[in-house]
Amino acid sequence: MLHDADLVFGAGCSWTATPFNMQMPKGKKMVHLTLDPADINKDIASDHALVGDAALALDALIEEVRDRLKGKPRGRLGAVTGKIRALKEEWLGQWMPRLTSNSAPLSPYRVIWDLMHTVDVPNTIVTHDSGSPRDQLVPFWQCKTPRSYIGWGKSTQLGYGLGLAIGAKLAAPEKLCINVWGDAAIGFTGMDIETAARAKLPILSILMNNYVMAAELNVMKFSTEKFHSTDISGNYADFARALGCYGERVSEPGAIVPAIKRALEKINDGQPALLEFMTERQSPRSAEG
Ligand SMILES: Cc1ncc(C[n+]2csc(CCOP(=O)(O)OP(=O)(O)O)c2C)c(N)n1
């Protein structure tokens, strides 16, 4: 849709250029609405700039256009939403075999799909970590309520998602707070699951254990060959139990949902849970998540 547009209007976004974000098309008329004037023309030149709170500015804009349209809709809603729906359905159809895969080692997409269909999404706050789990979760997780996804697309410090989930639980104890991460990410901040257990902040930690830093394989060929730098191993379910959390290792696709349900019971009782899913070494990613 972005590439077909003749005008792109970004509301409440910084338009920071980074390889971790969607790549913005060139040669379009750009309208940028952001709270921070420093964002304007920072990476992407704007033809029109609006500085203000997104919700307030959009309300004002709607007021303005309503007058121009003489109170009538343009009548394009059905065609545009229909096109978006058709594109999305086609794309989801291509990914459905991975989202519902019965393979073992597990498809990380199956883990995310089953998770999304087992938890109460409107009452969940989810975040991911840096590495492949970000690319795996972002395209497919569908938020239903505001403030239910903590995105950190422009920063990449591995292990950060755990602290975000713990912080979210502190701020919203009534919500289920989930972090999805990989085995390199847990290597950075994993000990902090003890904080969650001690402080009785029951989060759900979804660990994709693929025994490797998959996201780095292509750029660390030499050190992989010479020093095995990208190899990782460990039993993180045991590790979680040793630090006071509920821990379970899941290797079979049919065991994903029952394990999530058991973890949710523990969480209801006040204990953080870490589910360790034994996933395939490398997975393809959806091009523009
Ligand atoms: C502190 C820090 N060091 C290094 C990196 C670079 N980096 C990005 S992803 C990644 C590997 C991620 O591996 P893992 O968490 O196991 O997930 P996978 O890609 O294997 O699914 C690394 C080392 C980083 N983002 N942050």
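Higher on the page you've got the structure.
A.B. asks: Help me understand the pairing of strand β1 (residues 7–11), please; the structure alone is not making it clear to me.
C.D. replies: Note on strand geometry: in a regular strand, side chains alternate between the two faces of the sheet. Here β1 shows one buried face, formed by Val8 and Gly10, and one open face, formed by Leu7, Phe9 and Ala11. Bridge count between β1 and strand β2 (residues 29–34): 5 bridges; the pairing is parallel. If you follow leucine 7 over to β2, its bridge partner there is lysine 29.

A.B. asks: Can you walk me through the packing of helix α2 (residues 77–99) against helix α3 (residues 108–116) in this structure?
C.D. replies: Helix-helix packing is described using two parameters, namely the angle between the two axes and the distance between the axes. Here α2 crosses α3 at 100 degrees, and the two axes come no closer than 8 Å. For the element pair α2 / α3, the angle class is roughly perpendicular. Judged by residue contacts, Leu92, Trp95, Met96, Arg98 and Leu99 of α2 engage Tyr109, Arg110 and Trp113 from α3. Across the contact of α2 with α3, the residue classes break down as 6 nonpolar, no polar and 2 charged.

A.B. asks: Help me understand the side chain of threonine 279, please; the structure alone is not making it clear to me.
C.D. replies: Mapped onto the secondary structure, threonine 279 falls in the segment after β9 (273–278). Those residues in contact with threonine 279 that sit more than four places away from it in its chain are Pro105, Leu106, Pro108, Val111, Met208, Asn209 and Asn210.

A.B. asks: Where do I start with the site of the ligand in this structure?
C.D. replies: Contacts to the ligand come from 18 residues, most closely from Ser132, Thr156, Asp183, Val212 and Ala214. Residue aspartate 183 places a side-chain N or O atom 2.4 Å away from an oxygen atom belonging to the ligand. A distance of 3.0 Å separates an oxygen atom of the ligand from a polar backbone atom of alanine 215. If the ligand stood free it would expose 590 Å²; the protein chains cover 80% of that surface. Broken down by secondary-structure element, the contributors of at least two residues to the shell around the ligand are α4 (132–137) and α6 (183–189). No other element matches α6, which puts 4 residues into the shell around the ligand. Partitioned by chemical class, the residues of the shell around the ligand number 9 nonpolar, 7 polar and 2 charged.

Rules used in this analysis
Residues numbered from 1 in each chain as written. Predicted model: local features only at pLDDT ≥ 70, side-chain atom pairs only at ≥ 80, totals over all residues. Heavy atoms only, no water. Buried < 20%, exposed > 50% of the residue type's maximum accessible area, 1.4 Å probe, protein only. Helix = DSSP H or I, 4+ residues; strand = E, 2+ residues; numbered from the N terminus. Pairing = 2+ DSSP bridges. Axes fitted to C-alpha atoms, helices over the stretch in contact; angles between N-to-C directions. Parallel < 35°, antiparallel > 145°, perpendicular 65-115°, else oblique. Contact = heavy atoms within 4.5 Å. Nonpolar A, V, L, I, M, F, W, Y, C, P; charged D, E, K, R; others polar. Near = heavy atom within 4 Å. Polar contact = N/O pair within 3.5 Å; in protein donor to acceptor, adjacent residues only side chain to side chain. Areas by Shrake-Rupley, 256 points an atom, 1.4 Å probe, with all protein chains shown as cover.

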